[in-house]
Amino acid sequence: MQATAKLSNYRQSPRKARLIARLVAGKKIDLALAELTHLEKRSAPVFAKLLKSAEANAKALGMDAKDLVVKEFRVDKGLVMKRFRPRAFGRASGIKKRSCHILIVLEGAEIAQAVKASKKTATKEPAPKKTTAAAPKRASAKKTTAK
């Protein structure tokens with residue numbers, strides 16, 4: 001069972017927001033919240049609030065809050081507002097004000113461990129090596145010149 005929380009059109013570029021998402025993904029929820037509260041990034045409090053919202057959604061579904069793990073922390077591209085700034089000689093240059101969509105997926109720790117264990121046990125057999133017939137060696141033909 002999974003619990004999710006979503007934030008649409010957050011006014012920060014996805015590139016900056018992904019730094020925090022990579023830091024928190026795959027960790028237990030209490031450890032993730034502790035890291036977000038001590039992080040000095042502009043979007044850290046927003047991410048912490050969203051994580052608490054996902055935790056509340058998980059409790060509403062009847063999941064145990066202590067065993068929750070951040071399965072997925074996805075940051076996608078949102079709207080791009082295009083603005084113009086005046087430049088020299090009466091020209092204008094464009095500015096892109098980017099936004100992002102953030103999705104958090106929480107999962108129970110038992111389920112996450114079971115999935116990891118099943119991936120480890122399902123080992124792939126190595127592909128058979130391709131054997132090629134050895135090419136016959138050429139006999140070196142020496143040119144003889146008559147004198």
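Here the structure is shown first, and the text comes after it.
Treat the numbers as computed from the prediction; the structure is a model and nothing was measured.

About the cut-offs
- Residues numbered from 1 in each chain as written.
- Predicted model: local features only at pLDDT ≥ 70, side-chain atom pairs only at ≥ 80, totals over all residues.
- Heavy atoms only, no water.
- Helix = DSSP H or I, 4+ residues; strand = E, 2+ residues; numbered from the N terminus.
- Contact = heavy atoms within 4.5 Å.
- Areas by Shrake-Rupley, 256 points an atom, 1.4 Å probe, with all protein chains shown as cover.
- Patch = residues over 30% accessible without salt bridge, like charges linked within 9 Å, V, L, I, M, F, W, Y side chains within 5 Å.
- Salt bridge = Lys/Arg side-chain N within 4 Å of Asp/Glu carboxyl O.
- Lys, Arg positive; Asp, Glu negative; His and termini not counted.
- Charge placed at Lys NZ, Arg CZ, Asp CG, Glu CD.
- Buried < 20%, exposed > 50% of the residue type's maximum accessible area, 1.4 Å probe, protein only.
- Pairing = 2+ DSSP bridges.
- Axes fitted to C-alpha atoms, helices over the stretch in contact; angles between N-to-C directions.
- Parallel < 35°, antiparallel > 145°, perpendicular 65-115°, else oblique.
- Left-handed = near helix turned anticlockwise from the far one by under 90°.
- Nonpolar A, V, L, I, M, F, W, Y, C, P; charged D, E, K, R; others polar.

Caption draft 1: Broad picture of the overall build of the protein. Check the secondary structure of the protein and you find 4 helices and 3 strands. Scanning the protein from its N terminus toward the C terminus, one meets helices and strands in the order β-α-α-α-β-β-α. Here the analysis covers contacts within the protein between residues at least 6 apart in sequence; of these, 73% occur between residues at least 24 apart. Taken as a whole, the protein presents about 11600 Å² of accessible surface, with 55% of it coming from carbon and sulfur.

Caption draft 2: Structural detail: a positive patch on the surface. Residues R11, K16, K41, R42, R83, R85, R87 and K97 make up a contiguous surface patch of positive charge. Within the fold, K16 resides in helix 1 (residues 14–24). Note on K16: relative accessible area 51%, which makes it exposed.

Caption draft 3: Main features of the sheet that holds strand 2 (residues 68–86). In spatial order, the strands read 1-3-2; together these 3 strands make up an open sheet with antiparallel pairing. Here the strands that pair on one side only, and so sit at the sheet edges, are strand 1 (2–10) and strand 2. The mean angle between the axes of side-by-side strands here comes to 10 degrees, regardless of whether they run parallel or antiparallel. Here 7 bridges tie strand 1 to strand 3 (residues 92–108), and the two strands are oriented antiparallel to one another. Bridge pairing links A5 to I104 in strand 3.

Caption draft 4: Highlighting the packing of helix 2 (residues 29–38) against helix 3 (residues 44–60). Across the interface, helix 2 lies against helix 3 with an axial gap of 9 Å and an inter-helix angle of 160 degrees. Here helix 3 runs roughly antiparallel to helix 2, going by the angle between their axes. Between helix 2 and helix 3 the crossing geometry is left-handed. Judged by residue contacts, I29, A32, L33 and L36 of helix 2 engage A44, F47, A48, L51, K52 and E55 from helix 3. Across the contact of helix 2 with helix 3, the residue classes break down as 8 nonpolar, no polar and 2 charged.

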